[in-house]
Amino acid sequence: MNTNSKPNPSPLPTKQNAEQNPENTNYAINVHNLNKSFGTKHVVQNVSIEVKKGHITGFLGPNGSGKTTTLRLLCGLLTADSGEGKVLGLNFRKDREQIKRQTGYMTQKFSLYDDLSIEENLVFMARIHELPNYKDKVNITLNRLKLYDRRKQLAGTLSGGWKQRLALATATLHNPKLLLLDEPTAGVDPKARRDFWDEIHDLATGGLTVLVSTHYMDEAERCHDIGYILNGSLIARGSSEEIIKQSKLITFEAECEGSGETIKTLQQQDGVISASAFGKRLHISGLDRDKLLKAISNSHTDKNRWSEVESSLEDVFIYFMTDKKDHRYSE
Ligand SMILES: Nc1ncnc2c1ncn2[C@@H]1O[C@H](COP(=O)(O)OP(=O)(O)OP(=O)(O)O)[C@@H](O)[C@H]1O
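Residues numbered from 1 in each chain as written. Predicted model: local features only at pLDDT ≥ 70, side-chain atom pairs only at ≥ 80, totals over all residues. Heavy atoms only, no water.

Q: Quick question: what am I supposed to make of the sheet that holds strand S12 (residues 274–278) here?
A: Note on sheets: strands pair through backbone hydrogen bonds, and any given pair is parallel or antiparallel. Across the sheet, which stays open at both edges, the four strands sit in the order S12-S13-S11-S14 with antiparallel pairing between neighbours. Only two strands of the sheet have a single partner each, and these edge strands are S12 and strand S14 (306–309). The average undirected angle you get between the axes of adjacent strands in this sheet is 25°. Pairing analysis gives four bridges linking strand S11 (residues 250–255) to S14, with the strands arranged antiparallel. Note on S14: the bridge partner recorded for alanine 254 is tryptophan 306. Together, S11, strand S13 (281–286) and S14 form the strand contacts of helix H10 (residues 289–298), whose direction differs from that of S11 by roughly 25°. (Pairing = 2+ DSSP bridges. Helix = DSSP H or I, 4+ residues; strand = E, 2+ residues; numbered from the N terminus. Axes fitted to C-alpha atoms, helices over the stretch in contact; angles between N-to-C directions. Contact = heavy atoms within 4.5 Å.)

Take a look at the structure:
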């Protein structure tokens with residue numbers, strides 16, 4: 001299956017309704033028709049997004065689809081070419097400085113000073129934010145993120161998980177109302193990722209609104225809502241369950257080891273959007289049940305081993321990335 005080209009499919013229904021009123025104070029973000037170009041490249045195209053206060057929204061999409069640019073536009077780090085609306089109750093184009101002050105931003109590279117200790121990194125950040133009583137705030141943050149015992153350790157000597165924890169500490173030290181996380185768990189182990197997400201949920205329960213860009217399905221499932229961006233357009237928006245349902249994707253699974261040949265045969269069948277092996281299971285997805293059943297019978301696998309299962313978020317995202325236009329969003 002050729003997945004190299006990435007066309008823009010027609011948008012799926014998004015969660016847009018009367019609640020979009022920019023004055024609605026339940027929303028931390030309520031921005032419409034956001035556009036941004038770099039030279040001739042239209043990187044963010046008419047993106048409209050609303051995020052409730054205290055919600056965690058995940059942005060997914062292929063590399064270069066515009067996730068980071070969208071995050072940066074929303075928090076005032078980049079200027080939009082056009083668009084309107086409010087972020088944290090402020091005009092997102094005119095009040096960028098105020099929005100930035102109330103935003104925490106954690107990048108994939110963690111932006112730490114390796115030659116400073118954990119505590120010195122936090123003190124430095126506190127001074128940048130001109131925080132009053134900064135020593136108290138640093139101590140509270142050290143304790144909250146369980147960094148106190150290591151506070152004298154140089155950041156450059158920390159493992160990936162501890163660096164991530166320190167980066168989260170520096171991004172939240174000033175008690176922001178909005179937290180942006182750009183692929184925050186790339187390269188950290190599963191335990192550190194889990195602890196990180198527990199902390200993010202605690203912060204959200206306390207009212208912090210979180211936007212996170214990620215390539216991980218399990219992280220997407222931990223978000224309250226997801227936005228899928230393809231070629232600069234927001235093509236799907238909702239909870240993971242809603243996105244799976246909206247896609248109308250049908251998936252069959254078989255308990256058998258799939259040889260490369262079987263998978264190849266399945267991939268070439270009419271109506272098959274994706275076919276792949278997961279350990280001892282084969283998985284095929286498409287939009288037309290009859291065509292999928294025909295593909296199964298053409299694949300020389302035991303028909304009785306196949307059963308229809310609920311599509312996963314990963315199945316749906318692979319579907320969004322395929323170039324088989326004839327399969328898209330057919331009723
Ligand atoms: N400052 C810039 N100047 C020119 N082009 C840029 C700039 N920032 C981003 N781009 C381009 O805009 C497009 C979208 O980039 P962006 O970083 O938003 O994508 P992304 O979805 O976050 O990608 P990834 O998953 O790889 O991080 C890419 O083609 C990128 O090269």
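Q: Honestly, the nonpolar core in this entry has me stumped. Any pointers?
A: A general tendency of soluble globular proteins is for nonpolar side chains to be buried together. Core analysis: the largest hydrophobic core is formed by 32 residues, its most contacted members being Ile56, Leu122, Leu166, Leu168, Leu179, Leu181 and Ile200. Looking at this core, the elements with two or more residues in it are helix H3 (118–128), helix H4 (134–144), helix H5 (160–172), strand S7 (178–182), helix H6 (190–205) and strand S8 (209–213). Residues Ile29, Val51, Cys75 and Leu180 belong to the second largest nonpolar core, which totals 25 residues. (Core = buried A, V, L, I, M, F, W, Y, C linked by side-chain atoms within 4.5 Å. Buried < 20%, exposed > 50% of the residue type's maximum accessible area, 1.4 Å probe, protein only.)

Q: Can you help me understand a negative patch on the surface in this one?
A: On the surface, Glu221, Glu241, Glu242 and Glu310 cluster together into a negatively charged patch. Tracing the backbone shows glutamate 242 in helix H8 (residues 240–247). Here glutamate 242 falls in the partly exposed class, since its relative accessible area comes to 33%. (Patch = residues over 30% accessible without salt bridge, like charges linked within 9 Å, V, L, I, M, F, W, Y side chains within 5 Å. Areas by Shrake-Rupley, 256 points an atom, 1.4 Å probe, with all protein chains shown as cover. Salt bridge = Lys/Arg side-chain N within 4 Å of Asp/Glu carboxyl O. Lys, Arg positive; Asp, Glu negative; His and termini not counted. Charge placed at Lys NZ, Arg CZ, Asp CG, Glu CD.)

Q: So what exactly am I meant to see when it comes to the domain arrangement of the protein here?
A: Accessible area lost upon the coming together of the parts is a frequently used measure of interface size. Each assigned domain of the protein is listed here: domain 1 (27–238) and domain 2 (244–327). Relative placement of domain 1 and domain 2: their C-alpha centres are 36 Å apart. Of the roughly 730 Å² buried at the junction of domain 1 and domain 2 (both faces included), carbon and sulfur atoms supply 79%. Counting across the interface, domain 1 meets domain 2 through zero salt bridges. Summed over the shared surface of domain 1 and domain 2, the result is zero residue pairs in polar contact (both at pLDDT 80 or more). Residue assignment for the side of domain 1 that touches domain 2 shows that the elements contributing at least two residues are helix H7 (217–222), strand S9 (225–230) and strand S10 (233–238). Considering only residue class, the side of domain 1 that touches domain 2 consists of nine nonpolar, no polar and two charged. (Domains from an automatic or database assignment. Buried area = accessible area lost by both parts, 1.4 Å probe. Polar contact = N/O pair within 3.5 Å; in protein donor to acceptor, adjacent residues only side chain to side chain. Nonpolar A, V, L, I, M, F, W, Y, C, P; charged D, E, K, R; others polar.)

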